[in-house]
Amino acid sequence: MAHRQTLATPINLILASVFIVVVYLQFRPKKPVTLPKAPAPVVFRTFTPSTLLPFNGNDGAPVYLAVRGRVFDVTPGRHFYGPGGAYENFAGRDATRGLACQSFDESMLTQDLKGPLDDLSGLDEEQLENLQGWEERFLEKYLIVGKLVAEGDPEAPKA
């Protein structure tokens, strides 16, 4: 009596079914990949103390501050520099003297926005070292989005 071997054994049927499912899962149509929306590009621009002021984080605005003539976008650190943050006095302002003196007092900020920029006169060596440390920290963490010039400067934006 001759034994006939059949391919339709239960184990072969299970293996064939698993193979078909795996092939289907590999080649089935996939959902198109959607990339996250990129942030709007930041254009380097020239600011005066008056044009920098609106960038204080209020009403969802970006948070910028200036240090030694460079304007940094500190929006990623909004909880520090934006409304309610420890450094909120610096938002939209020239923070150079305040950072150098390690003071959040408003007297450290330029009061006359139409006047000349702070020339940092009167700062001692230790304060200038403090300022350098702050500058290095900002350069590591934040983008420079512009430069700060005095109101009457030829590079100042026209109203």
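Residues numbered from 1 in each chain as written. Predicted model: local features only at pLDDT ≥ 70, side-chain atom pairs only at ≥ 80, totals over all residues. Heavy atoms only, no water.

As annotated in an unreviewed UniProt entry, the protein chain carries the name Cytochrome b5 heme-binding domain-containing protein and comes from Talaromyces amestolkiae. Checking UniProt for the protein chain, the heading Sequence similarities (unreviewed entry) contains the comment "Belongs to the cytochrome b5 family. MAPR subfamily." (UniProt positions renumbered as here; feature names shortened; annotations may be inferred.)

### Quick word on the sheet that holds strand 3 (residues 70-73)
Pairing within the open sheet is mixed, and its four strands lie in the order 1-4-3-2. Lying at the two open borders of the sheet, with one neighbouring strand each, are strand 1 (45-47) and strand 2 (64-67). Direction aside, neighbouring strands of the sheet carry axes that sit 40 degrees apart on average. Sheet topology places strand 1 next to strand 4 (residues 143-148); three bridges connect them, and they run parallel. The residue of strand 4 that forms the bridge with Phe47 is Leu148. (Pairing = 2+ DSSP bridges. Helix = DSSP H or I, 4+ residues; strand = E, 2+ residues; numbered from the N terminus. Axes fitted to C-alpha atoms, helices over the stretch in contact; angles between N-to-C directions.)

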